[in-house]
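Summary of the model geometry
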Amino acid sequence: MLDAIRTVPRHFFVPDHLEAAAYNDHPLPIGHHQTISQPYIVAYMTELLKVAPDHRVLEIGTGSGYQAAVLSKLAKEVYTIEIVPELARNAAETLKTLGYANVQVRAGDGYAGWPEKAPFARIMVTAAPERIPQPLIDQLAPGGLLVIPVGERNDTQWMTIVEKTATGVVQRKTIPVAFVPFTRKP
């Protein structure tokens, strides 16, 4: 996992004027009231996800595409959805230019996931909903993991791991976090 983070050139995923700060351990604005998560959180969420080379992964909240690039180094396929069309276009262009051929980017509302590509062995959400969207749980394969920050913006958000077992769904909170809110199309 650390090799994946080391080999993805983070400075290509931030605005030009912030390139010098790309590797600092704090979130950076990428436009449209969105951020690229700090490197620690990217590494933490990636580690929690436990991605294997044969996994199909869904990411909700593409942003600049950095997390998708990291996941692409670990997984067979990455599908990523971004609600802001301009960010989705920019991320798709950056990922293509850098040669991340196993990543597909879609502009749209991530609440419904990507049902035609389901089930997913792993799902990562990089924005905080108040509650975990049921369609994402439904699209997890048996034995699958979902890593998601959950909570309201002005309240404590918790990084949460959801595991789909043979007998149901198990949730576990890990650490308090602060993420941009999960937004939906009106």
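This write-up is about the structure you can find in this document. Small disclaimer: the values here were computed from a predicted structure and weren't measured.

1. Re the overall build of the protein chain
Looking only at helices and strands, one finds 5 helices and 9 strands in the protein chain. When the elements of the protein chain are put in sequence order from the N terminus, they spell out α-β-β-α-β-α-β-α-β-β-α-β-β-β. Its C-alpha atoms give the protein chain a radius of gyration of 15 Å, within 12% of the compact-globule value 16 Å for 186 residues. Relative to its full complement of 186 residues, the protein chain shows a buried share of 52%. Of the accessible surface of the protein chain, which amounts to about 9200 Å², a share of 52% is contributed by carbon and sulfur atoms. Computed over 18 positive and 18 negative side-chain charges, the inter-centroid distance for the protein chain is 4 Å.

2. Here's the deal with the sheet that holds strand β5 (residues 103-107)
Strand pairing in a sheet takes place through backbone hydrogen bonds and is either antiparallel or parallel in direction. Judged by pairing direction, the sheet is mixed, and its 7 strands sit side by side in the order β5-β4-β3-β6-β7-β8-β9 without closing on themselves. A single partner strand is all that each edge strand has here, and the edge strands are β5 and β9 (168-177). Across the sheet, the axes of successive neighbouring strands diverge by a mean angle of 15°, strand direction being ignored. Sheet topology places strand β6 (residues 120-125) next to strand β7 (residues 140-150); 4 bridges connect them, and they run parallel. Of the residues in β7, the one forming a bridge with Met124 is Val147. In the packing of helix α4 (residues 85-97) onto the sheet, the strands contacted are β4 (77-82) and β5, and the crossing angle to β5 comes to about 165°.

3. Some remarks on the pairing of strand β3 (residues 56-60)
Here β3 lies mainly inside the structure; 4 of its 5 residues are buried. Bridging between β3 and β4 involves 5 bridges; their strand directions are parallel. Its bridge partner being in β4, Val57 is matched across the sheet by Val78. Read from β3 through helix α3 (residues 66-72) to β4, the crossover connection turns out right-handed. Relative to β6, β3 runs parallel, the two being bridged by 4 bridges.

4. A short note on α4
When the terminal C-alpha atoms of α4 are compared, their 18 Å separation across 13 residues agrees well with the 18 Å that a helix rising 1.5 Å per residue should span. For α4, the complete set of buried residues consists of Leu87, Ala88, Ala91, Thr94 and Leu95. For α4, the arc enclosing every buried residue in end-on projection is 135°, short of the 170-degree limit, so these residues lie on one face. Opposite the buried face of α4, at more than 90 degrees from it, the exposed residues are Arg89, Glu93, Lys96 and Thr97. Taken from the residues just after α4, Gly99 is the one with a positive phi, measuring 85°.

5. What to know about the side chain of Asp109
Along the chain, Asp109 falls in the loop between β5 and β6. Here Tyr111 takes part through its backbone nitrogen, which lies 3.0 Å from a polar atom of the side chain of Asp109. Engagement of the side chain of Asp109 in a polar contact is seen with the side chain of Arg184, the distance being 3.0 Å.

6. Details of the pattern of salt bridges
Evaluated as defined, the whole model comprises 5 salt bridges. Ionic pairing is found between Arg6 and Asp3, a salt bridge with its closest N-O pair at 3.1 Å. Taken together, the residues Arg6 and Asp3, both in helix α1 (residues 2-7) and 3 residues apart, mark about one turn of the helix. When its relative accessible area of 61% is taken as the criterion, Arg6 is described as exposed.

7. A closer look at the nonpolar core
Grouped together as the largest cluster of nonpolar side chains are 42 residues, with contacts concentrated most on Phe13, Tyr66 and Met159. Listed by contribution, the elements that provide at least two residues to this core are α1, β1 (28-31), α2 (39-49), α3, α4, β7 and β8 (157-165). Top element by residues in this core is α2. It accounts for 7 residues. In this structure, Tyr79, Ile123, Leu146 and Val180 belong to the second largest nonpolar core, which totals 19 residues.

Calculation notes
- Residues numbered from 1 in each chain as written.
- Predicted model: local features only at pLDDT ≥ 70, side-chain atom pairs only at ≥ 80, totals over all residues.
- Heavy atoms only, no water.
- Helix = DSSP H or I, 4+ residues; strand = E, 2+ residues; numbered from the N terminus.
- Rg over C-alpha atoms; globule rule 2.2 N^0.38 Å.
- Buried < 20%, exposed > 50% of the residue type's maximum accessible area, 1.4 Å probe, protein only.
- Areas by Shrake-Rupley, 256 points an atom, 1.4 Å probe, with all protein chains shown as cover.
- Lys, Arg positive; Asp, Glu negative; His and termini not counted.
- Charge placed at Lys NZ, Arg CZ, Asp CG, Glu CD.
- Pairing = 2+ DSSP bridges.
- Axes fitted to C-alpha atoms, helices over the stretch in contact; angles between N-to-C directions.
- Contact = heavy atoms within 4.5 Å.
- Right-handed = clockwise from strand over helix to strand, strands pointing away.
- Expected span 1.5 Å × (residues − 1).
- Arc of directions from axis to C-beta.
- Polar contact = N/O pair within 3.5 Å; in protein donor to acceptor, adjacent residues only side chain to side chain.
- Salt bridge = Lys/Arg side-chain N within 4 Å of Asp/Glu carboxyl O.
- Core = buried A, V, L, I, M, F, W, Y, C linked by side-chain atoms within 4.5 Å.

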